[in-house]
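# Structural overview
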Amino acid sequence: MGSIGVPGVILLVILALLLFGPNKLPELGRAVGRTFREFKDGAREIIEDEPASKKTETAPQPAAARAEDKRLPE
C-alpha cells in the first residue's frame, strides 16, 4: 500500500477548507499542534523515567549466594 501522495494531500486540504471554513482552520491547526506537543512531552517524560526506575532496582545476587539459598536446612 502506497502513501497518500501530493494529490491526496491537496484533496484533504480542500476538504478541510470546505468542512471547517477559512476562519476555523488556523484554530484547528493550533489545537492539533498543541496535542502533538503534549504527546511528545509525555512520551519524553516516560522515556526519561525508565532509566531512573532501573537504577533503583536491586543488583542481582552472585551465583554463590544463590546456591547457598537453595540448600536444605540441616
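For the structure itself, look to the data block above.
Small disclaimer: the values here were computed from a predicted structure and weren't measured.

## Describing the overall build of the chain
Counting its regular elements, the chain contains 2 helices and 0 strands. Carbon and sulfur atoms provide 64% of the accessible area of the chain, an area that totals close to 7,300 Å².

## Quick look at a negative patch on the surface
A contiguous patch of negative charge on the surface is contributed by Glu-45, Glu-48, Asp-49 and Glu-50. Among the structural elements, Asp-49 can be located in helix 1 (residues 5–56).

## A word on the pattern of salt bridges
Scanning all chains against the criterion turns up 2 salt bridges. A salt bridge links Lys-24 to Glu-27; the shortest N-O distance between them is 3.8 Å. Of the two residues, Lys-24 and Glu-27 are both situated in helix 1; the distance of 3 residues between them amounts to about one turn of the helix. Under the relative-accessibility criterion, Lys-24 is labelled partly exposed at 45%. Of the charged contacts, one joins Asp-41 and Arg-44 as a salt bridge, the two residues approaching to 3.5 Å between their closest N and O atoms. Of this pair, Asp-41 and Arg-44 are both found in helix 1, 3 residues apart, which corresponds to roughly one turn of the helix. Exposure remark for Arg-44: the relative accessible area of 41% places this residue in the partly exposed category.

## Concerning a nonpolar patch on the surface
On the surface, a cluster of nonpolar side chains totalling about 970 Å² of accessible area is made up of Ile-4, Val-9, Leu-12, Val-13, Leu-15, Leu-19, Phe-20, Leu-28, Val-32 and Phe-36. Its place among the elements puts Leu-28 in helix 1. Judged by relative accessible area, which is 35%, Leu-28 ranks as partly exposed.

## With respect to a positive patch on the surface
A cluster of basic residues, Arg-30, Arg-34, Arg-37 and Lys-40, forms a positive patch at the surface. Inspection of the secondary structure puts Arg-34 in helix 1. Exposure remark for Arg-34: the relative accessible area of 43% places this residue in the partly exposed category.

Basis of the calculations
Residues numbered from 1 in each chain as written. Predicted model: local features only at pLDDT ≥ 70, side-chain atom pairs only at ≥ 80, totals over all residues. Heavy atoms only, no water. Helix = DSSP H or I, 4+ residues; strand = E, 2+ residues; numbered from the N terminus. Areas by Shrake-Rupley, 256 points an atom, 1.4 Å probe, with all protein chains shown as cover. Patch = residues over 30% accessible without salt bridge, like charges linked within 9 Å, V, L, I, M, F, W, Y side chains within 5 Å. Salt bridge = Lys/Arg side-chain N within 4 Å of Asp/Glu carboxyl O. Lys, Arg positive; Asp, Glu negative; His and termini not counted. Charge placed at Lys NZ, Arg CZ, Asp CG, Glu CD. Buried < 20%, exposed > 50% of the residue type's maximum accessible area, 1.4 Å probe, protein only.

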